[in-house]
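# Chain and residue survey
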Amino acid sequence: MENIEKKYAKSKIIFTFVSFLALIVGVLIGTSIVNSKNNRGNDKIDEIYELLKNEWLFGEDYDDLEIYLTDLAIKGMSDGNKDPYTFYTSTYDAQNLTIDYRGIGISHAYYGGNRIIATVFKESPADKEGLKEGDIITGLYETLDDDTLNFIEFSSLSSQETVDAFNNYEDDIVKMHIKRGEQEMDVSVEKDYYTQHAIQDVQIIEGNETIVMVEIQNFMDSRLIYDLEKILDEVIENNGVIDRLILDLRNNGGGRTDLASSLASLFVPQDSIIVKYQTKNKLEVEYNYRKPRYENTVKKINFLQNNQTASASEMVILALKDNMPEKVDVIGTYSYGKGIRQKVLTLSDGSAIRYTDAYVLSPKGNSIHGTGIKPTIEIEYDYNLQQYYGEIGFVTKEYKEKILRQINGVLNMEYTSYEEALEHFLTDLPYSQFNYEVGRILQQMAYDMYLMAMGNATEIALEA
């Protein structure tokens, strides 16, 4: 009996040992399989990397082939996906997350064969030389190798070629021919460093009501909150209250979400939600923990927005619109609809990747990504009109329908026949010149209508 018990105990030890050994082997095999699956992508990248590094015929064309191939692989991962906002650059500066630039300090748009100055940045070289928004640039003077000047006339170029003329302009002094109303002049502006501060323009109207209109062009300037508080505090000190604050966020593409949160916290009630972030794994909620600085001194807030109002700008509008609907009006067209949060990672070699890590939701949990913010007072304007006219040829039925609607708008008519409407519009202009001559006339009219819509929105904001 004792021998049987010893044999049983011995066999039990052997069974336990074998079971334990089998468990370890199973774990090792399982881990190997998982790692094998996880490394399949890495192995593939490594194989192609080594292949191109060692055998690619054109590898010698690159000074540092290994860095080039690495950057190419990263660009493929960051650029070749459904998110257009995630991208990699070989330097941090190339991410264009700065407000400091070297140039003359203007933005410009296509205008019926010429360029029109859309913005003159405050304290820039162009501002100091007296250039104004609405000035029409008809061409540039470039210095040739023999030091003579060659005039690049924009009317002989396509829309893209006028852009290229600016981008490829190498002279330190930019020489332009300008039309300002009936006046024409040559203007020279020397390139220099300037800062695109967030607050570009301030208008204060004091009378029966105290109205303050502040144009905010970006959410990248760390001085934004300080500068805004300084403006509002001075007006309140003089008048007691601000009856209507107009924040003009048209063409503001956004920037830092922390600046957007700080701006919203000046107005939204304490302990209310400023924004929600829906990340891959959780929901983050940001509250206003501070007492709002202007809770009782700013009675009404109007936002001006358009289809270029995006990102952090939209975040501010949503925060105030959801928390204080009775005090807030949003005037203009639908906003851009960039309802995502992005982060930037700078790598050890100085390169950087900007990636999307969360959806931005309104305090009520709504997403505007891809749709934009619906204005409470809508200004009707078809921004696409500016894009359809110019150098496109107008050959499709879709374009003809758009042109027909535009001609009817210009002539205040109700034509249903494209040919009849075109004949009326052209009058003495030969049909063969339609693609460029009429296209440019219509594009210029479309931009004028855009400026009119911008002005109408401003007037409504002053009264609403």
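The structure this text deals with has already been given above.
We now turn to the structure provided with this report. (Residues numbered from 1 in each chain as written. Predicted model: local features only at pLDDT ≥ 70, side-chain atom pairs only at ≥ 80, totals over all residues. Heavy atoms only, no water.)

### Focus: the overall build of the protein chain
- Helix and strand counts for the protein chain stand at 12 helices and 19 strands.
- Burial status across the protein chain gives 42% buried among its 464 residues.
- Of the contacts made within the protein chain by residues no fewer than 6 positions apart, 64% connect residues no fewer than 24 positions apart. (Helix = DSSP H or I, 4+ residues; strand = E, 2+ residues; numbered from the N terminus. Buried < 20%, exposed > 50% of the residue type's maximum accessible area, 1.4 Å probe, protein only. Contact = heavy atoms within 4.5 Å.)

### Describing the nonpolar core
- In this structure, Ile-216, Phe-219, Leu-245, Leu-263, Phe-267, Phe-303 and Leu-320 are the most contacted members of the largest nonpolar core, which totals 45 residues.
- Beyond its immediate sequence surroundings of up to four residues, Phe-267 is in contact with Leu-232, Leu-245, Pro-292, Tyr-294, Val-298, Ile-301, Leu-320 and Met-324.
- Counting 20 residues, the second largest nonpolar core, distinct from the first, contains Ile-106, Ala-126, Phe-166 and Tyr-169. (Core = buried A, V, L, I, M, F, W, Y, C linked by side-chain atoms within 4.5 Å.)

### Some remarks on the pairing of strand E10 (residues 199-206)
- Here 7 bridges tie E10 to strand E11 (residues 210-216), and the two strands are oriented antiparallel to one another. In the sheet register, Glu-206 faces E11, and the bridge partner there is Thr-210.
- Here E10 folds back onto E11 in antiparallel fashion, the turn holding 3 residues. (Pairing = 2+ DSSP bridges.)

### Quick notes on unusual backbone geometry
- The phi angle at Asn-96 is positive, at roughly 60°, despite the residue not being glycine.
- By the secondary structure assignment, Asn-96 is in the loop between strand E1 (87-89) and strand E2 (100-103).
- Exposure remark for Asn-96: the relative accessible area of 48% places this residue in the partly exposed category.

### Re the side chain of Asn-408
- Relative to the elements of secondary structure, Asn-408 occurs in helix H10 (residues 397-411).
- Sequence-distant contacts of Asn-408, that is, excluding residues within four places in its chain, are made with Met-413, Glu-414 and Tyr-415.

### Section: a nonpolar patch on the surface
- Among the surface-exposed residues, Leu-283, Val-285, Tyr-287 and Tyr-289 lie close enough to one another that they form a single nonpolar patch of about 400 Å² accessible area.
- Here Leu-283 lies in strand E14 (residues 283-287). (Patch = residues over 30% accessible without salt bridge, like charges linked within 9 Å, V, L, I, M, F, W, Y side chains within 5 Å. Areas by Shrake-Rupley, 256 points an atom, 1.4 Å probe, with all protein chains shown as cover. Salt bridge = Lys/Arg side-chain N within 4 Å of Asp/Glu carboxyl O.)

### Structural notes on the pattern of salt bridges
- This model, assessed by the stated rule, comprises 18 salt bridges.
- For Arg-180, the salt bridge is made with Asp-135, and the minimal N-O distance between the two is 2.8 Å. Here the residue Arg-180 occupies a position in strand E7 (residues 173-180), and Asp-135 occupies one in the loop between helix H4 (125-128) and strand E5 (136-143), the gap between them amounting to 45 residues.
- Looking at Asp-135, the relative accessible area reads 2%, which means it is buried.
- With its nearest N and O atoms 3.3 Å apart, the salt bridge here joins Arg-244 to Glu-209. Of this pair, Arg-244 sits in strand E12 (residues 244-248) while Glu-209 sits in the loop between E10 and E11, and the two are 35 residues apart along the sequence.
- You can call Arg-244 buried: its relative accessible area is 7%.

### Some thoughts on the packing of aromatic side chains
- A full pass over the atoms with the stated rule returns 11 aromatic pairs.
- Taking 5.8 Å as the distance between ring centres and 80° as the angle between the ring planes, the aromatic pair formed by Tyr-111 and Tyr-447 counts as edge-to-face. One end of the pair, Tyr-111, is in strand E3 (residues 106-111); the other, Tyr-447, is in helix H12 (residues 434-463), and 336 residues separate them in sequence. Grouping residues by exposure puts Tyr-111 and Tyr-447 together as buried.
- Geometrically, the ring pair formed by Tyr-287 and Tyr-289 is tilted, given 6.0 Å between the ring centres and 50° between the ring planes.
- Here a set of aromatic residues connected by ring pairs shows up, and it is made of Trp-56, Phe-58, Tyr-62 and Tyr-68. (Phe/Tyr/Trp six-rings, centres within 6.5 Å; stacked < 30°, edge-to-face > 60°.)

### A few points about the packing of helix H6 (residues 224-239) against helix H7 (residues 257-265)
- Contact pair H6 / H7: the axes reach a minimum separation of 10 Å and the direction vectors enclose 25°. With respect to each other, H6 and H7 are oriented roughly parallel. Judged by the twist between their axes, the crossing of H6 over H7 is right-handed. Residues Leu-224, Ile-225 and Leu-228 of H6 pack against Leu-259, Ser-262 and Leu-263 of H7.
- The class makeup of the residues in the contact of H6 with H7 is 5 nonpolar, 1 polar and no charged. (Axes fitted to C-alpha atoms, helices over the stretch in contact; angles between N-to-C directions. Parallel < 35°, antiparallel > 145°, perpendicular 65-115°, else oblique. Left-handed = near helix turned anticlockwise from the far one by under 90°. Nonpolar A, V, L, I, M, F, W, Y, C, P; charged D, E, K, R; others polar.)

### Looking at the environment of Ser-311
- With respect to the helices and strands, Ser-311 occurs in the loop between strand E15 (301-305) and helix H8 (312-323).
- According to the relative accessible area criterion, Ser-311 is buried, its value standing at 13%.
- Spatially, the C-alpha atoms of Ser-311 and Ser-335 are 9.5 Å apart, while their sequence positions differ by 24 residues.
- Other than its neighbours up to four places away in sequence, Ser-311 contacts Gly-253, Gly-254, Gly-255 and Lys-338.

### Looking at the packing of H7 against H8
- In contact at an axis separation of 9 Å, H7 and H8 are set at 25° when each is read in the N-to-C sense. Judged by the angle between their axes, H7 and H8 are roughly parallel. The handedness of the crossing between H7 and H8 comes out as right-handed. Together, Thr-257, Ala-260, Ser-261, Leu-263 and Ala-264 of H7 and Ala-312, Met-315, Val-316, Ala-319 and Leu-320 of H8 make up the contact between the two elements.

Distances and angles like these do not, on their own, reveal function.
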